[in-house]
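Observations on the three-dimensional arrangement
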Amino acid sequence: MIKTISSLRKSLALPIHLHIRTLQTFSKYNAQAASAVEEREKLFYQNEEYADMDWDNLGFALTPADYMYVMKCSKDGDFTKGELTRFGNIELSPSAGVLNYGQAIYEGTKAYRKDNGKLLLFRPDHNAVRMQHGAERMLMPSPSVDQFVDAVKQTAFANKRWVPPSGKGSLYIRPLLMGTGPVLGLGPAPEYTFIVYASPVGNYFKEGVAALNLYVEEEHTRAAPGGSGGVKSITNYAPVLKALSRAKSLGYSDVLYLDSVKKKYLEEASACNVFIVKGRTISTPATNGTILEGITRKSVMEIACDQGYQVVEKAVHVDEVMDADEVFCTGTAVGVAPVGTITYQDKRVEYETGDESVCQKLRSVLVGIQTGLVEDTKGWVTCIN
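Residues numbered from 1 in each chain as written. Predicted model: local features only at pLDDT ≥ 70, side-chain atom pairs only at ≥ 80, totals over all residues. Heavy atoms only, no water.

Focus on helix 6 (residues 241-249)
Where we set the bar: Under the scheme applied here, a residue whose accessible area is under 20% of the maximum for its type counts as buried, over 50% as exposed, and between as partly exposed, the area being computed with a 1.4 Å probe on protein chains only. Helix and strand labels come from DSSP, where a helix needs a run of H or I of at least four residues and a strand needs a run of E of at least two; each type is numbered from the N terminus. It is the directions from the helix axis to the C-beta atoms that the arc portrays. In what follows, a contact means two residues having at least one pair of non-hydrogen atoms within 4.5 Å.
Every buried residue of helix 6 is listed here: Ala-243, Leu-244 and Ala-247. Each buried residue of helix 6 lies within a common arc of 100° when the element is viewed along its axis, so the set occupies one face. In helix 6, the exposed positions that point more than 90 degrees away from the buried face belong to Lys-242 and Ser-249. In this structure, the buried residues of helix 6 make contact with strand 8 (212-217) and strand 9 (254-258).

As structure tokens, then:
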């Protein structure tokens, strides 16, 4: 006690400028703490309002929402507790695994707003499982299903004001897992980062809900047996840009890829799965390791079965496509999009579209479930507020 009192007296005897400096330091820390509290309060306050956006003219372009979720994986393979932070740039070593060897995968999911303002997520647990599958293929650790879903929920709720009004679009949510640890020789990165960010979006294609015009690509292939075409590796997408850019310059919406072995069997488009309709039969290329197992694809197949269609997964010959009644594409970004024409070699075929089409019937059920307009009897939708 005597020593404590003595120390206190010495402190009180300090020159006045040192007392002022001490008070300034405390004031700085208090201001920082207050700012942090204010930031958290602002986060939830902002969620009660809509962002200043032209909701009637949303396209599919990046408009960063306020917050992103970040979680790190230590060298022992365990992910630390993640946290929300302001959307912004991240710092990477030039030798990060993702930059040098493309060790990264991503997912895509959406949050929808009901008429009553509630936010809905569509099957995020399936995205989590697919990321785990992809991470295993790319020799990466992956968040657990609970960690993944919790991160998506937090990101959606923190960015509530960026979720478009009902019927105006959705909040596209991008979970990204990448090797951020430095590595020089070819091998897995020593550390990993899991990030979830978001952006409000409208229709993926510039055609909006109008029918697409597709071109069958014969020169370039998207994936090969034994490769990574069946997972959402970032390395799958840059190679399609050349063919896609050429097709768009000729007026097409997207490219349909054929198998890399015989170049006669349909695989998928640049970033979506494809279906063909002939009578009451709906066929889609089987996922044999080169085709991504789309969550929208899986959902549409189940809805079609419920409506009495015969759904077949098989090798779909390009001649079958040219003889189909309807063709449509599915994906998280594209939804369920009708195809109006397909051009293969020198032949151009037109397909049935419109309100009475199979595509539109399936789309209306799917979108209805996603947005809460149709009763969810399958447990696909999660309400987060």
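What to know about the nonpolar core
The condition is simple: Joining through side-chain atoms within 4.5 Å is the link that ties buried Ala, Val, Leu, Ile, Met, Phe, Trp, Tyr and Cys residues into a set, and such a set is a nonpolar core.
Core analysis: the largest hydrophobic core is formed by 33 residues, its most contacted members being Leu-121, Phe-148, Leu-171, Ile-173, Leu-177 and Phe-194. For this core, the secondary structure elements donating two or more residues are strand 1 (67-73), strand 5 (119-122), helix 4 (124-137), helix 5 (145-158), strand 6 (170-179) and strand 7 (192-201). Other than its neighbours up to four places away in sequence, Phe-148 contacts Glu-107, Pro-124, Asn-127, Ala-128, Met-131, Pro-143, Pro-175 and Phe-194. By size, the runner-up hydrophobic cluster in this structure holds 25 residues, among which are Leu-212, Val-318, Cys-329 and Val-339.

Examining the side chain of Thr-290
Rules: Pairs of N or O atoms within 3.5 Å make up the polar contacts considered here, provided that, within protein, one atom can donate a hydrogen while the other can accept it, and that residues adjacent in sequence are counted only when both atoms are side-chain atoms.
With respect to the element layout, Thr-290 can be found in the loop between strand 12 (281-285) and helix 7 (295-306). A relative accessible area of 4% places Thr-290 in the buried class. Of note is the side chain of Thr-290, whose polar atom sits 2.9 Å from the side chain of Glu-267. For Thr-290, the residues in contact, after removing those within four places along its chain, are Arg-222, Ala-223, Ala-224, Pro-225, Gly-229, Gly-230, Glu-267 and Glu-268.

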